[in-house]
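Each chain, letter by letter, is given below.
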Amino acid sequence: MGQDHTANQLRSWALVGVLAASTFPIMSGAVIIPALNELRVAFELGSVGAAALVTAHTIFIAIGSPLAGIAIDRVGAKLPLICGLVGFGLFGGAGALAPTVGWLVVTRVPFGLATGFIFTAITVVILQGTSGDRRNTVMGWRAASNQLGGIVYPTIGGFAAIATWQGAFVVYAASLPIALLVFVTLPDDKPGGRPPSGVLRLIRRDSRLLRLFLAAFSAYAALYVIVIFVPQLLETVGLGSAAIVGLFLSAMNLAAFVVASMYGRIRRSLGPGVLLWLAGGLYVTSALILIALTGSASIVVAMLMFGTAHGLVVPALTVSVGNCAPPPMRGRVTSGLGVTNYLGQFSSAYMAAPLVIIFGLAGSFALLGLAGAIVAVAGSRAAEASRTQIGDET
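Residues numbered from 1 in each chain as written. Predicted model: local features only at pLDDT ≥ 70, side-chain atom pairs only at ≥ 80, totals over all residues. Heavy atoms only, no water.

Before we move on, could you go through the overall build of the protein and cite the residues and values that matter?
The helix and strand tally for the protein stands at 18 helices and 0 strands. Taking 21 Å as the expected radius of gyration for a compact globule of 394 residues, we find that the protein reaches 20 Å, a close match to that expectation. Projected onto its principal axes, the C-alpha coordinates of the protein cover approximately 55 × 45 × 35 Å. Within the span of the protein, comprising 394 residues, buried residues form 55% of the whole. Restricting the contact set of the protein to residue pairs at least 6 apart, pairs at least 24 apart contribute 86%. Positive and negative side-chain charges of the protein, numbering 22 and 12 respectively, have mean locations separated by a distance of 6 Å. (Helix = DSSP H or I, 4+ residues; strand = E, 2+ residues; numbered from the N terminus. Rg over C-alpha atoms; globule rule 2.2 N^0.38 Å. Buried < 20%, exposed > 50% of the residue type's maximum accessible area, 1.4 Å probe, protein only. Contact = heavy atoms within 4.5 Å. Lys, Arg positive; Asp, Glu negative; His and termini not counted. Charge placed at Lys NZ, Arg CZ, Asp CG, Glu CD.)

Put into structure tokens, the structure is as follows:
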């Protein structure tokens, strides 16, 4: 089917290339955040228009992920991953040459599609190249790499944009040497063919997948509630400067990085259902802290708790969805995570808006608590029922 490799063959420089590529999806929006003020001046944008430049491409990631899944099930994951990395670097970097904001937005369309290819292809590469405890460990490393990108790339983008806003877009070209590394080191896929149909029917009939996708949507909506509304909360307590906000967000990402790095070890002691109950509880507790307390120390605690939860949720849900996917359908089934994750990010502000209008910032954090409850209730049972891979011996 284009992707039936021997399990546990993803090692050495191939693994390095895959983990390096894993840092790019979060980079897609984060790297230009430090240059937003300069972009607003250069293109005479309002706050909403500037924010749209950070999030608009996410809808195209959601669109690109199923397209990537179709390609992966036909030709394997290596070629779509390389194409995604090349497109990411070229179309992302093309933003630096945009003469108008219209052209800049146009470049974000293929850029988002390319990011969707990267996200989905990495998931399948890890699933087809690992099994058992090794799968949990590498998927944890993948989530940790993603969080590391959330720490490193905004800093790099900020320094790159010191002279001019175009510098932040040049950083996207970092994906091009990684594309070369993947091309050289990742084993070739077996010749593919027309993959079997019935993916939508499988998803509709498998309640585990439906619950896991709902949990993923909720977790990523919760993430962007934190990203969008905690800076506003910090401003109300006199801590709204960009540098301080960056430190708080980096603390969250650091907690997620540390926990995800240890996910394989944690998973050997606790089942995925228990971990998702724990993560959901941490989401809810962080929401209660943000609603009830406004001191800087309490906000730090809430951010660390949320980061810890997210470091558990991402690899647990990804492995569970992968385990529900028959190998010939891995690309298309796991592409559902690209859809749900990025739709969750895209829609979080819109879902929170009416609550914020009525209840203030506390309304947005109530949505965070609801998302945590969904992760615990919907995700845990489905993950526990998805502990082994369809078609694998593990």
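Please set out the packing of helix H12 (residues 207–236) against helix H17 (residues 330–359) residue by residue, giving values where relevant.
Relative orientation of the contacting elements H12 and H17 amounts to 45°, with a least axis distance of 7 Å. Compared by their axis directions, H12 and H17 come out oblique. You can see that H12 and H17 cross each other, and the crossing is right-handed. Of the residues assigned to the contact of H12 with H17, the class counts are 17 nonpolar, 7 polar and no charged. (Axes fitted to C-alpha atoms, helices over the stretch in contact; angles between N-to-C directions. Parallel < 35°, antiparallel > 145°, perpendicular 65-115°, else oblique. Left-handed = near helix turned anticlockwise from the far one by under 90°. Nonpolar A, V, L, I, M, F, W, Y, C, P; charged D, E, K, R; others polar.)

Got a sec to walk through the pattern of salt bridges? Specific residues and values, please.
Summed over all chains, the structure comprises 4 salt bridges. Across the pair Asp73 and Arg332 runs a salt bridge whose closest N-O atoms are separated by 2.6 Å. Highlighted residues: Asp73 in helix H5 (residues 58–75) and Arg332 in helix H17, separated in sequence by 259 residues. (Salt bridge = Lys/Arg side-chain N within 4 Å of Asp/Glu carboxyl O.)

Could you give an account of the packing of aromatic side chains, with specific residues and numbers?
Inspection of the entire model under this criterion finds 11 aromatic pairs. In this structure an aromatic cluster arises from ring pairing among Phe24, Phe43, Phe88, Phe111, Tyr153, Trp165, Phe169 and Tyr172. Just above the ring of Phe183 sits the side chain of Lys78; from NZ or CZ to the centre is 5.4 Å. Above the ring of Phe119, the side-chain terminus of Arg142 is found at 5.1 Å from the ring centroid. (Phe/Tyr/Trp six-rings, centres within 6.5 Å; stacked < 30°, edge-to-face > 60°. Lys NZ or Arg CZ within 6 Å of the ring centre and 35° of its normal.)

So, the side chain of Arg208: which residues are in play, and what are the values?
Mapped onto the fold, Arg208 is located in helix H12. The buried category is assigned to Arg208, whose relative accessible area is 19%. Within the structure, the side chain of Arg208 is placed 2.9 Å from the side chain of Asp206, a separation counted as a polar contact. (Polar contact = N/O pair within 3.5 Å; in protein donor to acceptor, adjacent residues only side chain to side chain.)

So, the environment of Ala30: which residues are in play, and what are the values?
In this structure, Ala30 sits in helix H2 (residues 24–30). Put simply, Ala30 and Gly149 are 119 residues apart on the chain and 8.6 Å apart in space, counted from C-alpha to C-alpha.

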